Amino acid sequence: MAATGRDAPAQSATADREIVISRIISAPRELVFEAFTEVRHLSRWWGPEGFTTTTRAFEFRAGGTWDFMMHGPDGTDYQEWIDWTEISPPERIALLHGERRGDPNAFESVITFTPDGASTRVEMRTVFPTKALRDELVEKYHVIEGGQQTLSKLAAYVTEIMRKGDKD
C-alpha cells in the first residue's frame, strides 16, 4: 500500500525558513551554558573562524540586549545586536538577532543545552522571516558553515577552560 500525505512525518510549519546546527561538546552543560552567557567568555570565542567580537553593551536577562560589533578577517565590521527573549539556565536560551533594533530581517534563534553523558549537545535552531532570506544567507554569507565554525570555537574554548582548571 502506498503512503499517503497523512502517513508522512509531520514537518514544522517553519522548516523551509530554518537552519539547525548542533554539536556535542565534551564538557558539562553548566560550563557550556556559562561560556555562552557571560560576556567575558563570549568575546573570546563568538563568531566564525577569523572573526573577533567587541561588545558595546551586554545585559544577559530576558528583555536584555547584547550590542556588539563583529570584525571580519578582511577588516569589515558588522554591527550586530541580540535581544534575549527567554532564558532558562542551564538548558535554553531564546533570542532575536539582527543588525540593529527594528531590523526587518532579524531572525529568531533557540539554543538548547542537553546533557549527553559527560558531554553537552548544543543545538541552535534559527528561524528566518522568509525562505528567501534564509537561502540568501546560506548562499551568500555561508551561515551554516559560520554556525558550525562558531560552535567549534566554543568547543575549543571550553576545552581550554577545562584544561586550565579555571573559568577566567
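Not measured: the values here are computed from a predicted model.

A. How the structure looks around the nonpolar core. Phe36, Trp46 and Leu154 are the most contacted members of the largest nonpolar core, which totals 34 residues. Top element by residues in this core is helix 4 (residues 143–164). It accounts for six residues. Non-local contacts of Trp46, meaning those with residues more than four positions away in its chain, are made with Phe36, Phe51, Thr53, Trp66, Phe68, Met70, Ile82, His97 and Lys153.

B. Up close: the packing of helix 1 (residues 29–37) against helix 4. Where helix 1 contacts helix 4, the two axes come as close as 10 Å, and the packing angle between them is 115°. Relative to helix 4, the crossing made by helix 1 is right-handed. Taken together, the residues of helix 4 that come into contact with helix 1 (itself represented by Leu31, Val32, Ala35 and Phe36) are Leu151, Leu154, Tyr157, Val158, Ile161 and Met162. A breakdown of the residues in the contact of helix 1 with helix 4 according to their chemical character gives ten nonpolar, no polar and no charged.

C. Looking closely at the sheet that holds strand 6 (residues 107–116). The strand order 1-7-6-5-4-3-2 describes an open sheet built from seven strands, whose pairing is antiparallel. One side of each edge strand has no neighbouring strand; the edge strands of this open sheet are strand 1 (18–25) and strand 2 (52–58). The average undirected angle you get between the axes of adjacent strands in this sheet is 25°. Where strand 5 (residues 92–98) meets strand 6, six bridges bridge the pair, whose relative direction is antiparallel. Paired with Ala94 across the two strands is Val110, which belongs to strand 6. Lying over the sheet, helix 1 contacts strand 1, strand 2, strand 4 (77–88), strand 5, strand 6 and strand 7 (119–127), oriented at roughly 155° with respect to strand 6. Sheet strands touched by helix 4: strand 1 and strand 7. Its angle to strand 1, the strand with the most contacts, is close to 20°.

D. Focus on the pairing of strand 6. With nine bridges joining them, strand 6 and strand 7 adopt antiparallel strand pairing. Bridge pairing in strand 7 links Thr112 to Glu123. Taking the residues that link successive antiparallel strands as the turn, the strand 6-strand 7 hairpin has two residues, and the phi of Gly117 there is positive, at about 65°.

E. A look at the confidence of the model for the protein chain. Considering every residue of the protein chain, the mean pLDDT works out to 92; 92% of them sit at 70 or more. Ignoring residues within four places in sequence, the model shows residues 1–5, a span with pLDDT below 50, making zero contacts including any to other chains.

Calculation notes
Per chain, the residues get numbers from 1 upward, laid out in the order the sequence is written. Whole-chain, interface and lining totals are the exception, using all residues; otherwise, since this is a predicted model, local features are given only for residues with pLDDT of at least 70 and side-chain atom pairs are given and counted only at 80 or more. Side-chain numbers come from the whole structure's heavy atoms, not from hydrogens or water. Within this scheme, the nonpolar core is defined by two criteria: the residues are buried Ala, Val, Leu, Ile, Met, Phe, Trp, Tyr or Cys, and they are joined through side-chain atoms within 4.5 Å. Relative accessibility decides the category of a residue: with a 1.4 Å probe and only protein chains considered, values under 20% of the type maximum give buried, values over 50% give exposed, and everything between is partly exposed. Segments assigned H or I by DSSP are reported as helices when at least four residues long, segments assigned E as strands when at least two residues long, and all are numbered from the N terminus. Note on definitions: a residue-residue contact is assigned when non-hydrogen atoms from the two residues lie within 4.5 Å. Think of each axis as a best-fit line through the C-alpha atoms, taken over the contacting stretch in the case of a helix, with angles from 0 to 180 degrees between the N-to-C directions. Take the far helix as your reference; a near helix turned counterclockwise from it by less than a right angle gives a left-handed crossing, and one turned clockwise gives a right-handed crossing. Basically, the charged four are Asp, Glu, Lys and Arg, the nonpolar ten are Ala, Val, Leu, Ile, Met, Phe, Trp, Tyr, Cys and Pro, and anything else, Gly included, counts as polar. For two strands to count as paired, DSSP must find a minimum of two bridges between them. For every residue, the predictor assigns a confidence score, pLDDT, that lies between 0 and 100.

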